[in-house]
Amino acid sequence: MHKTPRNILRAIAGKLGKTPLARAFLWGLLAAAALPPVYLLPVLLFSVPALLRLVEHAPNWKKAALIGWFYGFGLGLAGLYWITEPILTEAKTFWWLVPFAAPLLAAAVACYTIIPVLAARLVPPGLGRVLTFTGAWVLSNLAQQFLFTGFPWNYWGTDWAIPGLLGNIFLQPASLFSVYGLTLLTVLLASTPLFGKKGFAVLLITLTIWAGYGFWRLQAPEHNTSTNVALIQPNFQEPPDYSRPALIANWQRLLAMSRAGIDNGGNVVIWPEAASPWLLGSDATARAQLAAVTGTTPIIAGSLRMVSNTDFRNSIIVTDGPQPPLAIYDKWKLVPFGEYMPKWIPLKIIPSMVGEGFTPGSGPKTIKNIPGLSPFGAIICYEAIFSGQIIDEKERPDWIVNVTDDAWFGDTAGPRQHFANVRLRAVEEGLPVVRDANSGISAVIDPFGRVTASMPLDYQGVLVAPLPEPQPKTFYSRFGLIVPFSLSILIFFAGLLYGNTHRLLKKPG
């Protein structure tokens, strides 16, 4: 037997599992190796064609749907295993949930893989099927951002956020059509082995053009503003110790690190998500103690906020002295099951400290009129994964502050996948992102997704670095999610048209 790409795929598939469903699951597991932090993108050149082969040989649409689900389940299980980490920190209470968390989330997300698989069956094998499958895959990803609270995680477009120059180059088309456009290109290119030598030629040519565009875009001159940001990475333990001695110790650590940041040239100090042990928005004593150490230097602090006995907020408080805060931003994209319980879920697993959960804010906000600072957009943790929804486009900021606490997820793939998403937001919006994380990864990211300064995971430290200048609005920031949506619709219907026209022409007579 000749060692053609098709025969190699069949040989590998034969060894992976005895049934189509088992093979689909295992190919999905393998595809997760392309995700951050592994970035083994070539596995998709085997996994995606294998999935399409399994769909081709499915006897009916029900079996095809199951194949799609099992593939998505494998991909989700390997890509989201780390979701169990925060539950392990509360194992005494939620021990029963440990074996179910990752599989249940993976099972839910896997349903989105059924859509492109069924779409692929609308046309015969060939270019039409690949186009239809690709368009439907990205449309399904878009739906995942909005349906059932939204969970736009582990898209194949993030596979290109490889650390260093290579990733910087291949992230650049995100300025045109976002992470969804990168996903679309990835699915198309991953399908090229189905077309033999012609497919391989298309793969090489496309990657060459893609790299050329990225390299060209990175030739833009780099400029920094006069602002030096001081990022505080305190590396507080999770879950927190709420005893008063521990809270006081955390407060003293924040004060000392903030002073160190100012002494090293910081014009603004940034604390991570919920870092303040006191309710900084309403605690005048805490603000006075802070001002005694930091003076009039602006502090952008992650802090919980209590509006009433039943209204808790996850907030950013901006202050530059003992007076009331200069600005407040409330997180509006809350983490389901962690910060609130969706109404359609009957279980109660929210920590009792926040009662029924947090109250969401009103939406993206540009914070202005802070002395010494240009306008900035604020996003907290999970909000960073929502492409096209992170800033107020009507009042475009000059930079973005992202505070987060990924310590809950330990030294796993989770924090690294989160960081990859943040780099993409910088490219999409053409804005620098300053990311401050409790335990890392804290970083300054320029508008091209380049990491100009950073602190690693599980590290306590202060980072002072210049704030890069913003770029003009990107194509994507001007038109938003309508760009990848329109492109996906176009690819989907082009596949339907081509595939079914080709089938009609092949019919005898």
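Scroll up to find the structure.
Everything in this summary refers to the structure shown in the same document. As the structure is a computational prediction, the values presented were derived from the model and not from experiment. (Residues numbered from 1 in each chain as written. Predicted model: local features only at pLDDT ≥ 70, side-chain atom pairs only at ≥ 80, totals over all residues. Heavy atoms only, no water.)

Let's shift gears to the sheet that holds strand 2 (residues 268-270). Spatially, 5-4-3-2-1-12 is the arrangement adopted by the six strands of the open sheet, whose pairing is mixed. Every other strand in the sheet has two partners, leaving strand 5 (327-330) and strand 12 (461-468) as the edge strands with one partner each. The sheet shows a mean angle of 35° between the axes of neighbouring strands, direction not considered. Note that strand 1 (residues 224-233) and strand 12 share seven bridges and pair antiparallel. If you follow Val-229 over to strand 12, its bridge partner there is Ala-465. (Pairing = 2+ DSSP bridges. Helix = DSSP H or I, 4+ residues; strand = E, 2+ residues; numbered from the N terminus. Axes fitted to C-alpha atoms, helices over the stretch in contact; angles between N-to-C directions.)

Bringing the pattern of salt bridges into the picture now. Counted according to the given criterion, the structure contains 13 salt bridges. Arg-313 is the partner of Asp-330 in a salt bridge, and the nearest nitrogen-oxygen pair spans 3.0 Å. A residue pair is termed long-range when its members are at least 10 positions apart, and Asp-330 in strand 5 and Arg-313 in strand 4 (residues 311-319) qualify at 17 residues. Here Arg-313 falls in the buried class, since its relative accessible area comes to 14%. (Salt bridge = Lys/Arg side-chain N within 4 Å of Asp/Glu carboxyl O. Buried < 20%, exposed > 50% of the residue type's maximum accessible area, 1.4 Å probe, protein only.)

Counting 62 residues, the largest nonpolar core has Leu-44, Tyr-71, Phe-133 and Trp-156 as the members making the most contacts within it. The dominant element in this core, judged by the number of residues it contributes, is helix 10 (residues 174-190), at 10 residues. Leaving out residues up to four positions away in the same chain, Tyr-71 has contacts with Ala-24, Phe-25, Trp-27, Gly-28, Ala-31, Ser-47, Val-48, Leu-51, Thr-113, Trp-137 and Trp-156. Residues Leu-80, Trp-82, Val-318 and Val-434 belong to the second largest nonpolar core, which totals 42 residues. (Core = buried A, V, L, I, M, F, W, Y, C linked by side-chain atoms within 4.5 Å. Contact = heavy atoms within 4.5 Å.)

Glancing now at the packing of aromatic side chains. Counted under the stated rule, the structure contains 19 aromatic pairs. For the ring pair Phe-376 and Trp-399, a centre distance of 5.1 Å and an interplane angle of 45° mean the geometry is tilted. Taken together, the positions of Phe-376 in strand 7 (residues 376-380) and Trp-399 in strand 8 (residues 399-404) put the pair 23 residues apart, joining distant regions of the chain. What makes Phe-376 buried here is its relative accessible area of 0%. Taking the centre distance of 5.3 Å and the plane angle of 75° together, the rings of Tyr-382 and Phe-386 count as edge-to-face. (Phe/Tyr/Trp six-rings, centres within 6.5 Å; stacked < 30°, edge-to-face > 60°.)

What follows is about empty space enclosed by the protein. Per the counting criterion, the structure on display carries two cavities of 30 Å³ or more. Approximately 220 Å³ is the volume found for the largest cavity. Around the largest cavity, the lining is made up of 18 residues, and of these Leu-75, Val-109, Thr-113, Asn-141 and Gln-144 lie nearest the centre. Secondary structure elements with two or more residues in the lining of the largest cavity: helix 4 (61-79), helix 7 (101-120) and helix 8 (127-146). (1 Å grid on protein atoms, 1.4 Å probe; cavity = no way out; pocket = protein on both sides within 12 Å on 5 of 7 lines; lining within 4 Å. Points joined across faces, edges and corners; volume = space filled by probe spheres on them.)

This brings us to the packing of helix 3 (residues 44-56) against helix 10. One can describe the packing of helix 3 onto helix 10 by two numbers: an axis separation of 8 Å at closest approach and a directional angle of 80°. It follows that helix 3 is roughly perpendicular to helix 10 by the angle criterion. In this structure, helix 3 contributes Leu-44, Leu-45, Val-48 and Pro-49 to the contact, and helix 10 contributes Thr-186, Val-187, Leu-189 and Ala-190. Of the residues that constitute the contact of helix 3 with helix 10, the class distribution is seven nonpolar, one polar and no charged. (Parallel < 35°, antiparallel > 145°, perpendicular 65-115°, else oblique. Nonpolar A, V, L, I, M, F, W, Y, C, P; charged D, E, K, R; others polar.)

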